[in-house]
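# Structural description and commentary
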Amino acid sequence: MSTALRGTLFVVLLAGCRESAPQEEDLGQPPGPDAAVADAAPPQADLPKVPLGDSGKPLYDLPRPPDQGKKKDAATPGKDKGTPGKDSAQPAKDVYVPPDLPIANTIKVAAVQYGPGLYPFAPGCGDDLCGLSYFVTQAKQNGAVYIVTPEGALPQKFAELSPNLGDKPASGNGPLLKAMSTLADNLDVTVIFNLILQEGSGSAAKLYNAEVAVDGSGTVVSRHYKYYLYGEPGITPGTSCCDSFFATPVGQAGTLICADINCIVDLKPVGNCTTTALNLMNSYAAKQPRLTFFSSYWASVGSTDPYWQPNQVQSKFAKHASTYMVAANIIYNDYHGGGIYEPNGTPISVVNTTTPGIAYAVIPKAGTTVPNPPSTGKLVITELLMNPSAVADDKGEWLELYNAGTATVDLGGWTVRSGEAGMADMLSSYQLAPGKYVVVGNNTNKATNGGANVVSAWNSFGLANSSGTVQLYDKQGALIDEVVYGSGWPMPTGASISLKSPSLDNSLPGSWCSEKSAWSGSAGDKGTPGAPAGC
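This is a predicted model, so every value here is computed, not measured.

### A word on the environment of L401
Summarising the element assignment, L401 is placed in strand β15 (residues 398-403). Accessibility expressed as a relative area gives 0% for L401, which makes it buried. In sequence terms L401 and A531 are 130 residues apart; their C-alpha atoms lie 9.9 Å from each other. With near-sequence residues (within four places) excluded, L401 lies in contact with L379, V380, I381, T382, L427, L432, K436, Y437, V438 and L472.

Spelled out as structure tokens, the structure:
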């Protein structure tokens, strides 16, 4: 029987796990597993005596957004930001799923991007435990055998008794531990998930923000306590970076949680990085685990602070620790952005949507090569608006693609990259017919993007004004097209540059020209978005 904290507990972790937490507020009854947890609460006599704040309320709950998780909101997915339809909830189209290649010494991994209150995106679900389990099951059905989920994905009313390595929580412990252990056992996969755990009882009780890995037999194989806390009153920091390591068929794996890697931005104890946290992070990196399963509650803080973008940070840590980074991030408004990265920081599969999605990758054992499947389409980069004048760059940049092949191409899972690790974004599903053009950019709202019909918005990617690289990758990870522009290229302000013909070599500056006329509906900038060149 789980020892538990009484009452409804709450704190919110903010952008980059860096900002101070707001004051507690009454959020109402959380959805989903809370009801099951409440039913499983122990008798009054078994409750621990945990110190309370000045308000007399318990101090902490698993992070949960203040206006999400309420059934009256979650039941109307068509009104939520990022929902694809008004009448029915559908999850974001998954990125490319690598096939089950007959290659020894490889495993398929998945990073589930999910958030509290998003269970309407899981057919038949009425709570978050069901919703998260649905997407874990979907990852298993697509061949993943190691599956990580975000920090704060499961609203939690009571802390649960911390398991030991080798325990099988399905036969005891708390309801969430029991449910996730049973799920892993039934699916025969390893699931890595986040929750609040408790050690001790009475006045000696301590709470930890924890990451637990349960293998395909339902056995706990890893348990990590978050060592760098940010805005988490009532939680005790962990003291070890590397107590979470466990074996996989391709090498050692470790787990980390959100602010554990805050120091990756500056790599010195300034701002949001303490000396202790830096030492622990560097000790982890020095061990160079083959894989790192990372759960976070990390916000995209905007173009004014690009190095704190979730995908940038994940990529940088992968390179720092020379590890395959498998990152699952919470979804809530600006909180989104996860993916999987190579040890050199190169993105393999990135998800940046405000609806649930899953990133996949095949991870090889050291010395094993995983070949890329053949390309599925022939697309050409034909127009770039790098420096709009009618609207700001972060509202009005876009690029145009042309289908030079003979078959319709679904853009879902294709990636635009800047050539720099981390500066990458997955495109949304769009059927691009042969001989047709389409525009993708940083803003799909015509009222604020300068009037372009943008079908898919990026987040961390962007177009440099004077020189830069634009790469287009298909679902299989194959490089389909690349444009490197700079000295000698047309560089207008307030106008796009267009490839004079899709048949020309777009690597040559002479193949491009500056557009001279504004398109219909433009706020003032010149170009031909979605149409052949006009210059």
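Structure's up, so let's keep going.
### Focus on the pairing of strand β14 (residues 379-385)
Burial within β14 is extensive, with seven of its seven residues counted as buried. The pairing of β14 with β15 spans six bridges and is classified as antiparallel. Along β15, the bridge assignment pairs V380 with Y402. Bridging between β14 and strand β24 (residues 497-499) involves two bridges; their strand directions are antiparallel. Bridge pairing in β24 places E383 opposite S498.

### Examining the environment of A253
Position of A253 relative to the elements: it lies in strand β8 (residues 251-257). Put simply, A253 and Y324 are 71 residues apart on the chain and 9.2 Å apart in space, counted from C-alpha to C-alpha. The contact partners of A253, leaving out residues within four places of it in the chain, are S244, F245, F246, T248, P289, L291 and F293.

### What about the packing of aromatic side chains?
Across all of its chains, the model carries 13 aromatic pairs by this definition. Relative to Y225, the ring of Y208 has its centre 4.0 Å away and its plane inclined at 10 degrees; by these criteria the two rings are stacked. Linking Y208 in strand β5 (residues 206-214) with Y225 in strand β6 (residues 220-225), this pair joins segments that are 17 residues apart in sequence. Joined through ring pairs, the aromatic side chains of Y114, Y134 and F135 make up one cluster. The residue whose ring lies beneath R417 is Y473, and the NZ or CZ to ring-centre distance is 4.0 Å.

### Here we look at unusual backbone geometry
The phi angle at L267 is positive, at roughly 55 degrees, despite the residue not being glycine. Within the secondary structure, L267 is located in the loop between β8 and α5 (275-287). Even without a glycine there, the phi angle at Q288 is positive, about 45 degrees. Along the chain, Q288 falls in the loop between α5 and β9 (291-296). Take Q288: its relative accessible area is 49%, and that puts it in the partly exposed class.

### Here's the deal with the state of the cysteines
Enumeration according to the criterion identifies four disulfides in this entry. Note that C241 is cross-linked by a disulfide to C242, the S-S spacing being 2.3 Å. Disulfide C241 to C242: torsion about the S-S bond roughly -80 degrees, handedness left-handed. Given a relative accessible area of 6%, C241 falls into the buried group.

### Some details on the sheet that holds β8
Read across the open sheet, the six strands follow the order β7-β8-β9-β10-β11-β12; overall the sheet is mixed. With partners counted over all chains shown, the strands left at the sheet margins are β7 (246-248) and β12 (347-351), one partner each. Ignoring strand direction, the axes of neighbouring strands in this sheet form an average angle of 20 degrees. Summarising the sheet, β7 and β8 pair through three bridges and their orientation is antiparallel. Counted as the bridge partner of A247 is Q252 from β8. Of the strands in this sheet, β8, β9, β10 (324-329), β11 (338-341) and β12 touch helix α6 (residues 310-321), which is tilted by about 25 degrees from β11.

The rules behind the values
- Residues numbered from 1 in each chain as written.
- Predicted model: local features only at pLDDT ≥ 70, side-chain atom pairs only at ≥ 80, totals over all residues.
- Heavy atoms only, no water.
- Helix = DSSP H or I, 4+ residues; strand = E, 2+ residues; numbered from the N terminus.
- Buried < 20%, exposed > 50% of the residue type's maximum accessible area, 1.4 Å probe, protein only.
- Contact = heavy atoms within 4.5 Å.
- Pairing = 2+ DSSP bridges.
- Phe/Tyr/Trp six-rings, centres within 6.5 Å; stacked < 30°, edge-to-face > 60°.
- Lys NZ or Arg CZ within 6 Å of the ring centre and 35° of its normal.
- Disulfide = S-S within 2.5 Å.
- Axes fitted to C-alpha atoms, helices over the stretch in contact; angles between N-to-C directions.

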